[in-house]
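The chain contents come next:
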Amino acid sequence: MSLDVALWLGQDGLVNGAIYALLALSLVLVFSVTRVIFVAQGEFVALGGLTLAALQAGRTPGTFWLLCAAHGAVALRDGAAALRAGSARGFGRSLLFHLGYPALLAPVLWLAPLRSAPAWVQIPLTLALVVPLGPATWRLAFEPIAGASVLTLLIVSVAVHLALVNLGLLSFGAEGVRTRPLSEARLSLGSVAVPAQAAWVVLFSAGLMAALWFLSRRTLAGKALRAAAMNRVGARLSGIPVALAGRWSFALAALVGAASGVLISPITTLYYDTGFLIGLKGFVGAVIGGLASYPAAAAGALLVGLFEAGASFWASAWKEIIVFGLVVPVLLWRSVAARHVVEED
Amino acid sequence: MSRRVAAAALAAALLAAPLLLDDYHLSLSCYIGMNALVAVGLVLLTGVSGLTSFGQAAFVGMGAYASAVWTTSPAVPAALGSWATSPWVALPVTLSLAALAALGLGAVTLRLAGHYLPLGTIAWGLSLYFLFGNLEALGGHTGLAGIPPVPVLGLALASPRAFHLLTWAVVLGAVLATRNLLDSRAGRAIRALKGGRLMAESMGVDTARMRAVVFLVAAMQAATAGWLYAHFQRFVNPTPFSLHAGIEFLFMGVVGGIGEVWGALAGAGLVTVAMQWLRDVLPRLVGQAGDFELVVFGIAMVAVLQRSPQGLWPLLARRVPPPPRRLDAGAPPLPRRAMPPRGEPLLEVRAVVKRFGGLTAVDGVSLSVRAGEIVGLVGPNGAGKSTLFDVLSGVADPDAGEVHLRGHAVQGRSQRAIAALGLCRTFQHAQLVTGMSAVENAALGAHRRGRRGVLAAAWRLDRAEEARLLGEAARQLFRVGLGADPWRPAGTLPLGQQRLLEVARALCADPCLLLLDEPAAGLRHLEKRALAELLGSLRREGMSVLLVEHDAEFVWGLADQVVVMDFGRIIAAGPPAEVRRDPRVVEAWLGAEG
């Protein structure tokens, strides 16, 4: 292998690894706050990329209709709860937000000249369309059974993945998309020319990861989130709004997912089902880190990226098998380290 | 309608089906059967044992491909003659391969927390799917064709009509074997896996091994379904073995009722038919091609888990009540352990320390229990009594100090090793398998006194031993005063009686040292007196008891020795009459004014 190839593979692995690390971090965050292993996180990556591509192509992204449907369902659920409780307090606000929000977006989508708009308009709009789907997913799928076992939550999470990935197919079709990069420039790395977008991906991911880490470890809100994860009752007694913790962590997960999708869509062709594999690789990274530690998860995910780059060079047909096979030695090692019987909740 | 009648009706319907249905519906019924076979394994794995797998489709694929390669490849068995390519020879090969894969996967995930297995199986399901598609020898994405049909008595089962019988014979065989298994010594251990692992280990159950066994059984049932599939379709490609198929299998179990074997049948039927129907209807409705049934499927799965986590089975079960059960009073009693001679040192605890971070819960505790003695361990809440119990029974390792049981150093040994020496305990918070009957819960205590395993249980070769185990359980239930309704689910007993059931379970272990953690809490006055009498008669039989209890009168009246703990240390020890006058005890117990 020549130095050029090594450099190329290294940057490729680094770029993918950065995205996996971002997703791994947000998986750890969601898991530690809600005990949900959010398998469907990858779908937000696909939705982010596909939505941006639709905006750039001058089409109304299907995400808008997903958002309407999800918000409608949440409003219905809140309405039913208000009926049962015999009081409409809070329901009015829910109705206003869940129906008003898409109503506010609609004129922008239909009237503004989005196709020719600059990236700093298109990208926030993409996030505005995708991110609210995160809390809505929490409200609809997980909140009613927030106290269930990790296993039940995982099964629900897989079911959500199944529904979302096929809703993606329904709203965007099966064609792959690429979006316009933030800049067309190329950086030269020795003799290898690397698209500037790759550098953007790494920089943005690093920034977002640092922000996530800071948020969860150093701020009161982050500490409250973690307290809600460790002991729901205790946290509630201490005045932490536990119900909000789920919504916020899912909003963060959706934000991280959509942002990842936006970042990589100029350098990777995204299909409606690409997100799942990307998410799972982030997940392999998180497992390497033991689903607990942020730096370990990030390091694990970077390793996955580099491994994948190497595998795609030497045995591209076996790439996925090799990457997912990585889990086995890691689990084996963790398994040997575990001594006492662990009682699950 | 009783269950027997319902089962007979089902069997008759299946027998008559080939005469009544056309090929299309018979094929559908065959697919339902194969799906049910996988779902039955998931009931055992997920519903009963609290483990789960999204990778069952990969095991199905493994079974299908292994048999396909074995029966079509000219290279493998050519030297052995034509009989070697028979599907019947391929079946054991297939099963061994699946067993090996399951053992390997189980070995790396089953010792970890419950969510690592499903996660491992997702990776496994994806990898194997890609492998099927990429291996030249397996025909890549086009697959393998020309697989021979299964011959039975010289007849090739090539039509759905002929195959229907084989499929359902296998399925019903698996259902019966699984039900038999759950109603046995091994089955009780398996039913304790979900949420009761600590307790089960204390009763001598090797829970890691039982988890592996369950995973193995589920994988082999899936591989058998794959074998059927390959020889029914006579053609295999990777598509039906994707991760999504694995999720569908799990959903069949969840919809039908993941806790019950028959529920898997109902779920497989419902989901298979509904998916078939949605696959026809939805693309026409939406106006484009795609797997839109999966949207409905995913949302339905979430709804079922939210609304009715028990699935459909409880609804069906109410219409078909189970037959009443009886105990065989004539079974010979189990052999008993020889009690150590009265007065012999049984338990020696020397300077044991247990810390949790900065908190020292047990701080240099020493005490001893002699054979045939009741020692009361008392003290305020948080004094470290239950932690000490955990250290003695092997639930927790001490940070320092020694524990000797019958002359063996046992600090840091496993719960099972300590149980084998004759120590059995109850738990402060009753640890019962709530859905299981009282007598079966008690019989869990006698786990170490039986030998019959999974295979014997599945084919009912364990009945003689089983009658003795249940007989012992019934005797101990009677002894603690719960003999009236042995088949009542343990979870429906009042809290005080649940504690008595814990005592009965511990007695089933035939221990020489009994560790009781607040057995009298929640009991009424008369029940307490009966318990005290029971403990007294156990002492006469030579058993020793270490007793944690808050009811002072109960302890003073019963114990030979009393040890008082406060803040992790022993503040007084000796005969009850002396200890209760000790000023430090009075202060710790009653406050200074006493």
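As the structure is a prediction and not an experimental result, all values here were calculated from the model.

What counts and how
- Residues numbered from 1 in each chain as written.
- Chains lettered and ligands numbered in written order.
- Predicted model: local features only at pLDDT ≥ 70, side-chain atom pairs only at ≥ 80, totals over all residues.
- Helix = DSSP H or I, 4+ residues; strand = E, 2+ residues; numbered from the N terminus.
- Buried ≥ 20, exposed ≤ 12 C-beta atoms within 10 Å, placed from the backbone.
- Core = buried A, V, L, I, M, F, W, Y, C linked by C-beta atoms within 7 Å.
- Contact = placed C-beta atoms within 7 Å.
- Nonpolar A, V, L, I, M, F, W, Y, C, P; charged D, E, K, R; others polar.
- Expected span 1.5 Å × (residues − 1).

A. Just unusual backbone geometry, in detail. Residue and element names in this part refer to chain B. The backbone of Arg234 sits at a positive phi, close to 65°, despite the residue not being glycine. Inspection of the secondary structure assignment puts Arg234 in the loop between α9 (207–233) and β4 (235–236). At Asp510, a position not held by glycine, the phi torsion is positive, near 55°. Within the fold, Asp510 resides in the loop between α19 (495–508) and β11 (513–517). On the basis of neighbour counts, which here come to 20 C-beta atoms within 10 Å, the residue Asp510 falls in the buried class.

B. Representation of the nonpolar core in the model. Judged by nonpolar contacts, the single largest core of 303 residues is most densely connected at Ala24, Leu25 and Val284 of chain A. With 17 residues, α9 of chain B is the single largest residue contributor to this core. Residue contacts for Leu25 of chain A: discarding those within four places in its chain leaves Met209, Leu212, Tyr294, Ala297 and Ala298 of chain A.

C. How the structure looks around the interface of chain B and chain A. Between chain B and chain A, the contact holds 42 residues from the first and 38 residues from the second. With 10 residues, the single largest contributor to the side of chain B that touches chain A is helix α5 (residues 116–134) of chain B. Residues of the side of chain B that touches chain A, tallied by class, amount to 25 nonpolar, 13 polar and four charged.

D. Spotlight on α19 of chain B. Residues and elements named next belong to chain B. Given a rise of 1.5 Å per residue, 14 residues ought to cover 20 Å, and the 20 Å separating the end C-alpha atoms of α19 matches this to within 8%. Among the 14 residues of α19, 12 are classified as buried, and the element is accordingly described as predominantly covered. Looking only at α19, the buried set comprises Gln497, Gln498, Arg499, Leu500, Leu501, Glu502, Val503, Ala504, Arg505, Ala506, Leu507 and Cys508. Looking at the packing, one finds that the buried side of α19 touches β10 (423–425), α16 (438–444), α18 (463–479) and β11. Looking one or two residues beyond α19, the residue adopting positive phi is Asp510, at roughly 55°.

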